Each structure stands twice: as C-alpha cells, then as structure tokens.
Amino acid sequence: MSEVVITAAASAAPRRRSRFLARALRQPLGLAALTVLVLLVLLVVVGPAFLPHSPTRTNPLRTLQPPSAEHWLGTDELGRDVFARIVHGGRVSLSVGLFSMLVGLTIGIAVGGSAGYFGGRTETVLMRIVDTFMAIPTFFLILVIVTSFGNHPVTVVFTVGLGFWAQMARSVHAEFRRFKTAEFVEASRALGSGHLRLMARHILPQVLPQAIVLATLGVGWAILTEAGLSYLGLGIQPPLASWGNMLQNAQAYLFRAPILAVWPGLFIAVTVLSFNVLGNALRDVLDPRGS
Amino acid sequence: MTQYLVRRLGQGVVVLFLVSLLTFFLINLAPGGPSSLLDMSTTVAERNARYALYGLDRPVHERYVTWLAGAVRGDLGTSINQGLPVSRLLMQRLGATVVLALSALVLAAGLGVLLGIVAALNPNRWPDHLVSTVATLGMSVPNFWLGIIAIIVFAVELRWLPASGIVSIGRSADIVDRIRHLVLPASVLAFGLMPNVIRVTRSAVLETKTTDYVRTARSKGLPDGKVVRKHMLRNAFVPITAMLGLITTVLFSGSVVIESVFGYAGIGRLAIEAANGRDYPVILGVTMLAGLVVVVVNLLVDLLYAVIDPRIRHV
C-alpha cells in the first residue's frame, strides 16, 4: 500500500511542474511582456555604468535639442541628456513601484489574512478599517499623507503602499476565510499547530497564486501612482529624476519642445502595460478557474 | 425595504465617522506644523498667538471634537493660506468638478457598456480582442500623460480645442465654450475609467449567457436582439451598477491629476494647492467631502440595486 502512495507522489511532482511550464509557454503575450520587463530592468540597473552623459549635468548652451547621435533622445530645458535622465528616472520609478507594492502586499496580507482567519470581532474591526481606507479616494489619501509626512523617497514608498493595501486585504480576507475550514487546516490544527503556523505555512501557500497576480498588477498601479504624484510635484523631487517629474518639467515647454513630454510617458506606459499583460497572463496560468 | 435602507444608512454614517477620524489623525500626526506658521521672522510670542488662533495649542482629541462639532453644522474651519472659510472654498470649486466627473462618467459608462456588450457577444473573436486591447491600454497609460499628449495634438497642433481652464476669459456665460473646455479633460478621464466598466460588463453579460432563463427564451424562439435586451441586460445591470458606485473613488482620484493637467479649477486642484501649501483645514475639508460623496453615491447605488432587482429588498 505504501509503495503505491510513494510512487504516486513521486510521479505527481514532475508532472505538476511540467504542466505549469506548458501552460506558461502557451502565453505568448505574457512571455513578450516578461521579456520587455527583463530588458527594462537590465537597462536601469546596468545602464548607468555605461551612459556617456550625466543625468544632472546642465549645459545652458545646448538646451531643448532634438534627438541626435550625441544625445539619443535630445536634451531638456537645462541642457541635461534626456536618455540619461530616463535611465536614472527608471531606476527610481521602478524601485518605488516595486517597494511600495511590497509594502501594500505585506500589510494587506497581514490584515486581510488575520481578519479572514480569526473571524468574529477581529474580522469586523479589521474589515471596517479596510472599508474606511477604501472610502477615501486613493489620491486624496495619498495627498493627506504627503502633506503630513513630506516627500522623502522612503515616505513616498510607504504612502503609495498605503494606497494599495486595502484592496489587497479585501481579496486576501475572502480567501483566508474560505480556507479556514479546510480539512488540511483542521488536520494540522489537530496535530498541534498554532495560529501563526497554520496561517503562514498552510493557508498562505494556497492564497499565493492570487496574491502574485494582484502583486504584479499592483506594481503597475504603483508606478502610475508615483508618476502622478511626482508630476504634481508631491512625490520624488528634482534634481532626482523620476519619470513623473520629468513630465512636469516637460509641460512648461509644450509649445517649444513637445517631444520632451513623449519619452517619459511612453516609458511609463510601456512598463505598466508589460506589468498588466504579465499579470493577466499569470492569472491564466496560476488560477485558470477564474473567468 | 425600509429596513434595508436604514441599515445601509447606518453603515454609511459609521464609515463617514471613521473616515473623519482617520483623516484628522493622519494630518495631526505630522511632524511639524503648517508651513506658513513656521515663519522664522515672527517672535515666539507671535507664533504662539497664531497657534492659539487656529486652536493648535490644544490636545488632539479636543481639536477633533471641536472640528467634528463644527463639521456637522457645515463649518469646516478656515483656510490657513487663503483666510476664507473652507466650506466656501469647497462650494466655489465643487460645481466644476461635478460637471467634469459627470461628463466623464457618462462617457465612460456609455462607451464602456457598449464595448463590454460587444465583447461578450463575440467572445474570443476579433471584437473581443480589440476591446480587451483598448481596456488594457486604458489601464496602463498614465492619464496625465494622455492629457498632455491630447493638449499637444488638439490644442497646440490642430488648434481645435482649448488647452486649459474651465471657460475662456470674458465668455463665462457661453455654454458652448464651456463644453469645448470640457471635451479633452472629460475624455481623458473617461479613457481611464472605461477598462473597469468594460471588464465588469463583459463578465456580467457572459454570465447571463449560460443561464437557464436565457436558454428558455432562446428555445421559445425569441429573436436574439430581444433576448439580449429583455433578459440578459436587465440581469447584467446589477453588477454593472455596483461597479459604477465603486468607480466614484477612481473618478475622484483621476480628477485630481486631470484638473492639474488642464488647469481646471475644481476640487482636485484645490486639494493640490492645499497639499503644496500645507493648508491643513482645507485638506481635511476636501478629503471629508470626497469621502462623503463616495459614501452617498454607494448608498444611492444600493437604492438603485433594490429598485432594479426586487429580490434584494427581501434579504
């Protein structure tokens, strides 16, 4: 009897992995998006070491130049190389996006998971807090926090994360609630597992696929939000470049050099688009029963 | 029915109260006071006098109670940077934002529902893929960038539409002029809202496709058009209405940025000016107003639910 069980288990593992891979390979859009993102990350991580121009050195003699062999994307209103600023700005925008998503993810899973698992009054209190955060339009919430706590890059990361956590908590709450009464949880509890172990080691892995999808889409949203904040002058401050504040500079020169406004926004759009496409593809691969 | 409404009303009030608590304490947790009060040239005595004027010398919970007592009577305090009552500032600017938001909502809902239905009726064929592409683009493109590009194309290059503002100088009574100023901001705002509408409409209509009553209607011989209108749409509208309520939050968030791009003097711009100037009473007032609108809209949506779907009244 035990040989049958062991053999079945052994042959299940490689089959599961190859099934995942097979499904993953059937998502051409997702793979394309992933490639774009990998290239982008490479560009912003490795690029600064190879750039011929500094992103902050101004050159009053060569302002608002169109793209040329010397300056691949031209120069901005202070004579700075646009391409260099795009690469450095990408570093900032991407890291803020990634880290703020992680902040939102952590808080969301912690709050949502606890609410779903413990139930009762804990659940009511926690979910009311979630409802409160969701009742305030995200940008207003972010404005309030930025007004109070300033716009140091780390603060910006936490602020954007705080705009994201409530949605995460809602989804995670539903999932934890569903799995709370599952048999494997009860079995583990009977064997003496405490609450934390049950939540982290047993329920969380089941919720992970959905969380990964939401996290991927969340990075896209975080990048958009940081860009908007920086565009409004409330996020990343110059001279530190971010795709958002580059757009703010560009708006003053719409009549003289409209091309300046195209590059940062284009990069934002392509990046967020890739994250969204990747997230949708991940959803099809990891969670095929949904829709 | 009334029991349902009363219950929802009670929940709404609780949420509003919690929103005020959250916002007030977030603002007051700030390290450092309002920037205009930190004028280094005034003496300590003068600064303390200004603190007392704005009640900043009393403990937080006392300030909250005072503010709340005023707020329910319509008094939201005075703007630090402009010296005017916050409620007056809000009323001045609210109209413009409401007009913008409603126009964007109508555009997004109208087009979005249409596209969602088209996609659902042709699943996995080219109309569906086209609509998905539009939806994904709408979610990925930064709306302020789209606004800037729209200004470049339509205002700078083609000169068809104005680049900013609510109304041209000296033409404040001209409705056509106001509409021309609305076109770009409302369209850009709507483009960001459409993906949600499309997604929900598509899945709602798809769900009705596989139901028994639709199968019955079809087997009775009802023409497809009638099946869609009389049975599928009517049932699909419940989740669509729900989503329209949720969209209000996105609408407000979007208008904050869009109003900045287009120099449109509404609530969003007011909030940004207040944030830049650390004008606490105004930020508090604006956020509370936004929260109030969201709660009210969701309540109305629940009312609409009960009207459209009689089953809900008896829950």
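Numbering of residues starts from 1 in every chain and runs along the sequence as written. To label them, take the chains in the order written and letter them from A, then take the ligands in the order written and number them from 1. Owing to the predicted nature of the model, reporting of local features is limited to residues with pLDDT of at least 70; listing and counting of side-chain atom pairs is limited to 80 or more, with chain, interface and lining totals taken over all residues.

1. Describing the overall build of chain B
Threshold: Secondary structure elements follow DSSP: runs of H or I of four or more residues count as helices, runs of E of two or more count as strands, with numbering from the N terminus.
Along chain B, the regular secondary structure elements total 11 helices and 0 strands. Its C-alpha atoms give chain B principal-axis dimensions of roughly 85 × 55 × 35 Å.

2. Quick word on the overall build of chain A
Let me state the cut-off plainly: The burial label depends on the number of other C-beta atoms within 10 Å of a residue's C-beta. Counts of 20 or more mean buried, 12 or fewer mean exposed, and intermediate counts mean partly exposed, with C-beta atoms placed from the backbone. Throughout, a residue-residue contact means that the two C-beta atoms, derived from backbone geometry, are no farther apart than 7 Å.
When you go through chain A residue by residue, the secondary structure sums to 10 helices and 0 strands. In chain A, the succession of α and β elements from N to C terminus is α-α-α-α-α-α-α-α-α-α. Each of the three principal axes of chain A carries a C-alpha extent, and together these read 80 × 45 × 30 Å. Within chain A, the proportion of its 291 residues that are buried is 44%. Sequence-distant contacts in chain A: of pairs separated by 6 or more residues, those separated by 24 or more amount to 68%.

3. Things to note about helix α7 (residues 175–209) of chain B
In plain terms, the rule: A helix is expected to span 1.5 Å for every residue after the first. Fitting axes to the seven residues ending at a residue and to the seven starting there, one defines the bend at that residue as the angle between these axes.
Taking 1.5 Å as the rise per residue, α7 of chain B with 35 residues should run 51 Å; its terminal C-alpha atoms sit only 43 Å apart, a clear shortfall. When the local axis directions of α7 of chain B are compared, the greatest deviation, roughly 40 degrees, occurs at Leu193 of chain B, which is followed within four positions by the proline Pro195 of chain B.

4. Let's talk about the packing of helix α3 (residues 82–118) of chain A against helix α10 (residues 259–286) of chain A
Between two packed helices, both the angle of their axes relative to each other and the distance between the axes serve to describe the pair. Residues and elements named next belong to chain A. Worth spelling out the cut-off: What counts as an axis is a line fitted to C-alpha atoms, over the stretch in contact for a helix, and the angles between N-to-C directions run from 0 to 180 degrees. Roughly parallel means an angle under 35 degrees; roughly antiparallel means over 145; roughly perpendicular covers 65 to 115; every other angle is labelled oblique. Crossing chirality is assigned from the near helix's rotation relative to the far helix, an anticlockwise turn below a right angle marking it left-handed and a clockwise turn marking it right-handed. Polar here means any residue outside two lists: the nonpolar Ala, Val, Leu, Ile, Met, Phe, Trp, Tyr, Cys and Pro, and the charged Asp, Glu, Lys and Arg; Gly therefore counts as polar.
The contact between α3 and α10 brings their axes to 11 Å, and the two run at 30 degrees. Regarding the angle of α3 to α10, the classification is roughly parallel. The chirality of how α3 crosses α10 is right-handed. Residues Val82, Ile86, Gly89 and Gly90 of α3 form the contact with α10, whose participating residues are Trp263, Pro264 and Phe267. The residue makeup of the contact of α3 with α10, split by class, is 5 nonpolar, 2 polar and no charged.

5. Thoughts on the interface of chain A and chain B
Across the boundary between the two partners, chain A contributes 38 residues, which contact 39 residues of chain B. For the side of chain A that touches chain B, the secondary-structure elements that each account for two or more residues are α4 (120–135), α5 (138–149), α8 (195–231), α9 (243–251) and α10 of chain A. With 10 residues, α5 of chain A is the single largest residue contributor to the side of chain A that touches chain B.

6. Things to note about unusual backbone geometry
Residue and element names in this part refer to chain B. Located in the positive-phi region is Asn124, a residue other than glycine, with phi close to 65 degrees. Looking at the secondary structure, you find Asn124 in the loop between α4 (86–121) and α5 (126–140). Here Asn124 falls in the exposed class, since 9 other C-beta atoms lie within 10 Å of it.

7. Comments concerning the nonpolar core
Convention followed: For this analysis, nonpolar core means a set of buried Ala, Val, Leu, Ile, Met, Phe, Trp, Tyr and Cys residues linked through C-beta atoms within 7 Å. Per the annotation, domain bounds derive from an automatic or database assignment of domains.
One finds Phe140 of chain A together with Ala104, Ala271, Ile283 and Val286 of chain B to be the most contacted residues of the largest nonpolar core, which totals 156 residues. At 16 residues, α8 of chain A tops the list of elements feeding residues into this core. Looking at this core, you find at least three residues from each of domain 1 (2–72) and domain 2 (90–308) of chain B. Other than its neighbours up to four places away in sequence, Ile283 of chain B contacts Leu143, Val144 and Thr147 of chain A together with Ile27, Ala271, Ala274 and Ala275 of chain B.

8. Some thoughts on α9 of chain A
A large share of α9 of chain A lies buried, amounting to 7 of its 9 residues. All of the buried residues in α9 of chain A are Trp243, Gly244, Asn245, Met246, Leu247, Gln248 and Ala250 of chain A. The inward-facing, buried residues of α9 of chain A abut α3, α8 and α10 of chain A together with α6 (143–157) of chain B.

9. Topic: the packing of α5 of chain A against helix α11 (residues 280–308) of chain B
For the pair α5 of chain A and α11 of chain B, the least separation of the axes is 10 Å and the interaxial angle reads 160 degrees. Between α5 of chain A and α11 of chain B, the angle is such that the two are roughly antiparallel. Judged by the twist between their axes, the crossing of α5 of chain A over α11 of chain B is left-handed. When α5 of chain A is examined against α11 of chain B, the residues Phe140, Leu143, Val144 and Thr147 of chain A are found in contact with a partner set consisting of Ile283, Val286, Thr287 and Ala290 of chain B. In terms of residue class, the contact of α5 of chain A with α11 of chain B is made up of 6 nonpolar, 2 polar and no charged.

10. Some remarks on the domain arrangement of chain B
All names here are of chain B. If you check the domain split of chain B, you get domain 1 (2–72) and domain 2 (90–308). Domain 1 and domain 2 are separated by 32 Å when their C-alpha centres are compared. Facing 15 residues of domain 1, the contacting portion of domain 2 comprises 15 residues. Top element by residues in the side of domain 1 that touches domain 2 is helix α1 (residues 2–28). It accounts for 12 residues. Its residues assigned to classes, the side of domain 1 that touches domain 2 comprises 10 nonpolar, 4 polar and 1 charged.

11. Quick look at the environment of Asp302 of chain B
With respect to the secondary-structure elements, Asp302 of chain B resides in helix α11. With 234 residues separating them in the primary sequence, Asp302 of chain B and Leu68 of chain B have C-alpha atoms 27 Å apart.

12. Section: the confidence of the model for chain A
All names here are of chain A. This is how the line gets drawn: The score called pLDDT rates the predictor's confidence residue by residue, from a low of 0 to a high of 100.
Of the residues in chain A, 92% reach a pLDDT of 70 or more, and the chain-wide mean stands at 83. Ranking the elements of chain A by mean pLDDT puts helix α1 (residues 2–25) last with 58 and α3 first with 91. For the stretch residues 7–11, pLDDT sits under 50, and the model shows 0 contacts to residues farther than four places along the chain or on other chains.

13. Some words on the environment of Val99 of chain B
All names here are of chain B. Relative to the helices and strands, Val99 resides in helix α4. Looking at Val99, the number of C-beta atoms within 10 Å reads 17, which means it is partly exposed. The spatial distance from the C-alpha of Val99 to the C-alpha of Gly266 is 9.6 Å, given a sequence separation of 167 residues.

14. Describing the environment of Ser148 of chain A
In this structure, Ser148 of chain A sits in helix α5. It is 27 Å that separates the C-alpha atoms of Ser148 of chain A and Ile268 of chain A, two residues lying 120 residues apart in sequence.

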